[in-house]
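# Chain and residue survey
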Amino acid sequence: TQFGAAVAARLDPPGLAAAWAQVVGMAGEFERRGEPSVHRAGDYTVADVPLFFEAGERTGRVSYGQDARVAGLFFLPTEGNERHA
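Rules used throughout
Each chain carries its own residue numbering, running from 1 in the direction its sequence is written. Only residues with pLDDT of at least 70 are given local features in this predicted model, and only at 80 or more are side-chain atom pairs given and counted; all residues enter the totals for whole chains, interfaces and linings. Side-chain descriptors were evaluated using all non-hydrogen atoms of the structure, hydrogens and water having been removed beforehand. The numbering of helices and of strands both runs from the N terminus, where a helix is a DSSP run of H or I of at least 4 residues and a strand a run of E of at least 2. Throughout this description, buried means an accessible area under 20% of the type-specific maximum (1.4 Å probe, protein chains only), exposed means over 50%, and partly exposed covers the range between. Note on contacts: a residue pair qualifies if any of its non-hydrogen atoms lie within 4.5 Å across the two residues. None of His or the chain ends enter the tally, which takes Lys and Arg as positive and Asp and Glu as negative. Positions of charges follow a simple convention, taking NZ of Lys, CZ of Arg, CG of Asp or CD of Glu. Among buried residues, the Ala, Val, Leu, Ile, Met, Phe, Trp, Tyr and Cys ones that are joined through side-chain atoms within 4.5 Å form a nonpolar core. Classification of ring pairs uses Phe, Tyr and Trp, with its six-membered ring standing for Trp, and accepts pairs whose centres are within 6.5 Å; under 30 degrees between planes counts as stacked, over 60 as edge-to-face, and the remaining range as tilted. Counted as over-ring charges are cases with an Arg CZ or a Lys NZ within 6 Å of the ring centre that also lie within 35 degrees of the ring normal.

### Examining the overall build of the protein chain
- For the protein chain, the helix and strand inventory stands at two helices and five strands.
- Its helices and strands taken in sequence order, the protein chain reads α-α-β-β-β-β-β from the N to the C terminus.
- If you line up the protein chain on its principal axes, its C-alpha atoms span 45 × 30 × 15 Å.
- Buried residues in the protein chain amount to 31% of all 85 residues.
- Here the analysis covers contacts within the protein chain between residues at least 6 apart in sequence; of these, 35% occur between residues at least 24 apart.
- Here the protein chain contributes 8 positive and 11 negative side-chain charges, whose respective centroids are spaced 4 Å apart.

Here it is in structure tokens:
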């Protein structure tokens, strides 16, 4: 119910679970999240959340439309922050 129509049409619960499984497959088990930073980008409010995994870091990016629904959801690599055993 928090997803906007365009996101909901492309990302159902199994699709979201598959996306998260792909992130965990690349970065290892989730450890913790950092403090989000929020900024405006045109008509959107964008929240970037540092995500820390056992083998590296990612940035979770959520954009919200003017209706306060999720307009975009991304798991982005954080360059230069990969940890190696």
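### Some remarks on the side chain of S63
- Looking at where S63 falls in the secondary structure, it is placed in strand β4 (residues 56-64).
- You can call S63 buried: its relative accessible area is 11%.
- Not counting the four nearest positions on each side in its chain, S63 is found in contact with T45, V46, R69, V70, A71 and G72.

### Focus on the nonpolar core
- With six residues, the main nonpolar core is built from V23, V24, A27, V49, L51 and F53.
- Contributing elements (two or more residues each) for this core: α2 (13-27) and β3 (44-53).

### A closer look at the packing of aromatic side chains
- One pass over the full model with this rule turns up four aromatic pairs.
- Arranged with centres 5.6 Å apart and planes meeting at 45°, the rings of W20 and F53 form a pair that is tilted. Residue W20 is found in helix α2, and its partner F53 is found in strand β3; the two are separated by 33 residues along the sequence.
- Owing to a relative accessible area of 32%, W20 belongs among the partly exposed residues under this scheme.
- On the numbers, 5.4 Å between centres and 65° between planes, the contact of W20 with F75 is edge-to-face. Of the two residues, W20 sits in helix α2 while F75 sits in strand β5 (residues 70-77), which places them 55 residues apart along the sequence.
- A network of ring pairs unites the aromatic residues W20, F30, F53 and F75 as a single cluster.
- Taking the ring centre of F52 as reference, the NZ or CZ of R32 above it sits at 3.9 Å.

### A word on the environment of A27
- Take A27: it is sitting in helix α2.
- The sequence separation of A27 and F52 amounts to 25 residues, and the corresponding C-alpha distance is 8.6 Å.
- Residues within four places of A27 in sequence aside, it is in contact with F53, E54, A55, G56 and R58.

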